[in-house]
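Commentary on secondary and tertiary structure
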Amino acid sequence: MTTKHEQIIQHIISLSVGSKISVRQIAKDLNVSDGTAYRAIKEAENQGIVSTIERVGTIRIERKKKENFDRLTFAEVVNIIDGQVLGGHDGLYKTLSKFVIGAMQLEAMMRYTQADSLLIVGNRIKAHELALNAGAAVLITGGFDTEDYIKKLADDKEMPIISTSYDTFTVAAMINRAIYDQLIKKEIIFVGDIATPFEESHYLRSKDTIEAWYKLNSLSSHTRFPVVDDKLQVIGMVSSKDIVGKDRSIVIDRVMSKKPQVVLSKTSLASVAHTMVWEGIELIPVVDQSYQLQGVVSRQDVLKAMQQIQRQPQVGETIDDIVSRNLETSEDDENVFESMVIPQMTNQLGTLSNGVFTTLITEASSRLLKKVKKADVTIENITVYFSKPVQIDSKLIIKPQLLDVGRLYAKMDVEVFNERNLVGKGLIMAQLINR
């Protein structure tokens, strides 16, 4: 039997795209409390199937695909620019393909205004009309209103017409920034992006026998499987060490490990990699909020994803990317690294920031470990001593040194010099994820 929370989520999914959703209506329709309805709507928002817009309310939207990272819905635009929707509410869930700044003659403007685009323009009523007729949405800057017949046209075309108090330049900059932020976010990989889906996952039921484990082992080559109950909720794990030497007719729930390690689809790749190394696990079940099995993620899945990330060209650059790009191997010693202190790496005083200093020594350590141990690295613990300020345009020499290294971990000491002066040190404990 599904929980009330799950019933509400399924109800929201069943609604047509563009439908309005309210806590009170959900509570009334499904006979649940306002609190239960509110929590389920928030979960639906986290899953990307609804969007809440100020002065409009919550609406059902299309779930955005992962590869659609550089697109925004009109609903998101309203939130970004703190806009007011004048008409065309039913089109807020739609995705804009590009935006056009209407600072040109009307004919030229219309040449660039295509279906599903967003025309950013001031108080030019004719431009509003032509854009809507072309299948484009309209964003009016400067806080202007528009004519009633334009609002009705927006409703008929199901394309939003939005007003904002910001000027055209500020609005364009805000939308650009939102797209740029999503470019950075798309680099963050979650378990749900790499996991084997439920339909393709191998699992055992609690009343299966050990014989079923052997069949799945020959099918998948895995030695560890989730165990589920009648509701498909994960209640245990069974591995080769649980069944070795035991009679094949014994029921699985008598030999399985209870309260197993599980992850949600929104768990980050870095987090699940850490868990797998630290716990020595080859496979982890992926579950939803009610522990229902959604799929599995294996050590091979994690390693493959980590290797793909390293090969990916960076699009939205973070500070870590800038630091990494400026760190080069020394010509004199391949185990020593060099970096110039560029403006993006400094604090408000024009000296090297503490965060960038930490990133420099972790990146240098990771590169050395990858070369020496041929393994991917997760930093477990770091102690930093930042003894002297480092000026902009200084040249840093970073010398990582292995103190102790095992099969699963490494301990490193890192010294950082400016000219010949020691400016800081770091002590690092790292986990090794062998390929």
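None of these values were measured; they are calculated from a predicted model. (Residues numbered from 1 in each chain as written. Predicted model: local features only at pLDDT ≥ 70, side-chain atom pairs only at ≥ 80, totals over all residues. Heavy atoms only, no water.)

Here the focus is the packing of helix α2 (residues 23-30) against helix α3 (residues 34-46). Two packed helices can be described by the angle between their axes and the distance between those axes. Where α2 contacts α3, the axes come no closer than 8 Å and their chain directions differ by 115°. The two elements α2 and α3 cross, and the hand of that crossing is right-handed. For the pair α2 and α3, the contacting residues are V23, I26 and A27 in the first and D34, A37, Y38 and I41 in the second. In terms of residue class, the contact of α2 with α3 is built from 6 nonpolar, no polar and 1 charged. (Axes fitted to C-alpha atoms, helices over the stretch in contact; angles between N-to-C directions. Helix = DSSP H or I, 4+ residues; strand = E, 2+ residues; numbered from the N terminus. Left-handed = near helix turned anticlockwise from the far one by under 90°. Contact = heavy atoms within 4.5 Å. Nonpolar A, V, L, I, M, F, W, Y, C, P; charged D, E, K, R; others polar.)

Turning next to the pattern of salt bridges. The final tally for this structure, using the stated rule, is 12 salt bridges. Where D148 meets K151, a salt bridge forms, and the shortest distance between an N and an O atom there is 4.0 Å. Residue D148 and its partner K151 are located together in helix α7 (residues 148-157), separated by 3 residues, close to a single helical turn. Residue class for K151 comes out buried when judged on its relative accessible area of 18%. Salt bridges sharing partners connect three or more residues here, namely D145, D148 and K151. (Salt bridge = Lys/Arg side-chain N within 4 Å of Asp/Glu carboxyl O. Buried < 20%, exposed > 50% of the residue type's maximum accessible area, 1.4 Å probe, protein only.)

Attention now moves to the sheet that holds strand β5 (residues 84-87). Taken in spatial order, the 5 strands of this open sheet run β5-β10-β9-β8-β7, and their pairing is mixed. In this open sheet, the two edge strands, each paired with only one partner strand, are β5 and β7 (99-101). Looking at each pair of strands side by side, their axes are set apart by 25° on average, direction ignored. This element, α7, spans β5 and β10 (161-163) of the sheet and lies at about 90° to β5. (Pairing = 2+ DSSP bridges.)

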